[in-house]
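Each chain is listed here by its residues.
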Amino acid sequence: MDEWLERQAPLDAAVANALIAATPEWWRAASLVADRKQECSHERMTIVITSPDGQPEPVSPTEEIYASLYALADLFRERGTIWRSASYSVSQEENGDWRYSVQFTY
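Every value quoted in this text rests on a predicted model; they were computed, and no experiment measured them. (Residues numbered from 1 in each chain as written. Predicted model: local features only at pLDDT ≥ 70, side-chain atom pairs only at ≥ 80, totals over all residues. Heavy atoms only, no water.)

## Observations regarding helix H1 (residues 3–22)
To keep it simple, the criterion reads: Runs of E in the DSSP output that reach at least two residues are strands. Runs of H or I that reach at least four are helices, and both are numbered from the N terminus. How far a helix is expected to stretch is found by multiplying one less than its residue total by 1.5 Å. Partly exposed residues are those whose accessible area sits between 20% and 50% of the maximum for their type, while under 20% is buried and over 50% is exposed, using a 1.4 Å probe and protein chains only. Within 3.5 Å is the distance limit for a polar contact, defined as a pair of N or O atoms, with the added protein rule that one can donate a hydrogen and the other accept it, and that residues adjacent in sequence qualify only through two side-chain atoms.
Here H1 contains 20 residues, and its C-alpha end-to-end distance of 30 Å stays within 8% of the 28 Å for a straight helix at 1.5 Å per residue. What H1 keeps buried is the set Trp4, Gln8, Asp12, Val15, Ala16, Ala18, Leu19 and Ile20. If you check the start of H1, you find a side-chain oxygen 3.2 Å away from the backbone N of Trp4, and it comes from Asp2.

## Quick notes on the nonpolar core
Most often, soluble globular proteins keep nonpolar side chains buried together rather than apart. Using the following cut-off: Residues grouped as a nonpolar core are buried Ala, Val, Leu, Ile, Met, Phe, Trp, Tyr and Cys residues, joined through side-chain atoms within 4.5 Å. Should any heavy atoms of two residues lie within 4.5 Å, those residues are counted as being in contact.
Membership of the largest hydrophobic core comes to 25 residues, with the highest contact counts inside it found for Leu32, Ile49, Leu69, Trp83 and Tyr88. Counting only elements with at least two residues in this core, the list comes to H1, strand E1 (29–39), strand E2 (42–50), helix H2 (63–79) and strand E3 (85–92). Contact partners of Trp83, with chain neighbours within four places excluded, come to Ala34, Arg36, Met45, Leu69, Leu72, Ala73, Phe76, Phe104, Thr105 and Tyr106.

## Let's talk about the side chain of Arg36
On the secondary structure map, Arg36 appears in strand E1. Overall, the relative accessible area of 10% leaves Arg36 in the buried class. There is a polar contact of 3.3 Å between the side chain of Arg36 and the backbone oxygen of Trp83. With residues up to four places along the chain from it excluded, the contact list for Arg36 reads Glu43, Arg44, Met45, Ala73, Arg77, Ile82, Trp83 and Arg84.

## Some points on the pairing of E3
Which entries qualify depends on this criterion: At least two DSSP bridges between two strands are needed for those strands to be called paired.
As judged from the seven bridges shared by E1 and E3, these two strands associate in the antiparallel manner. The partner of Asp35 across the bridge, within E3, is Ser85. Summarising the sheet, E3 and strand E4 (residues 98–105) pair through eight bridges and their orientation is antiparallel. Following the sheet pairing, Gln92 is matched in E4 by Trp98. Hairpin connection from E3 to E4: five residues lie between these consecutive antiparallel strands, with Gly96 at a positive phi of about 95°.

## Here's the deal with the sheet that holds E4
Operational definition: Axes here mean lines fitted to C-alpha atoms, for a helix over just the part in contact, with angles spanning 0 to 180 degrees between N-to-C directions.
Sheet architecture is open: four strands sit in the order E2-E1-E3-E4, paired in antiparallel fashion. A single partner strand is all that each edge strand has here, and the edge strands are E2 and E4. Strand-to-strand twist across the sheet, computed as the mean angle between neighbouring axes with direction ignored, equals 15°. Docked against the sheet, H1 engages E1, E2, E3 and E4, running at close to 115° with respect to E4. Sitting on the sheet, H2 touches E1, E2, E3 and E4, and the angle it makes with E2 is about 130°.

Below, the structure written as structure tokens:
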């Protein structure tokens, strides 16, 4: 794994873990979409968390989610490529372990 991916992996895991912690304990899956906008020197993120299983409870992003996503944006900025949108999906397997996936739109 190259050095940049070694730096990105813990940030992705931090977002996924913070997403799991932010959701009600009976949720077995969650999706997070972070849309990033750059206005002059200010960066702004809009984060929406939903349940792919149709759970109705609203979930707000936590400080940990924001901090991890801003750190991830800073890392991408260092490389010269910044994402416009990041989509995280987490799901719990039958054995209780969690998996996550992430997709970026540039």
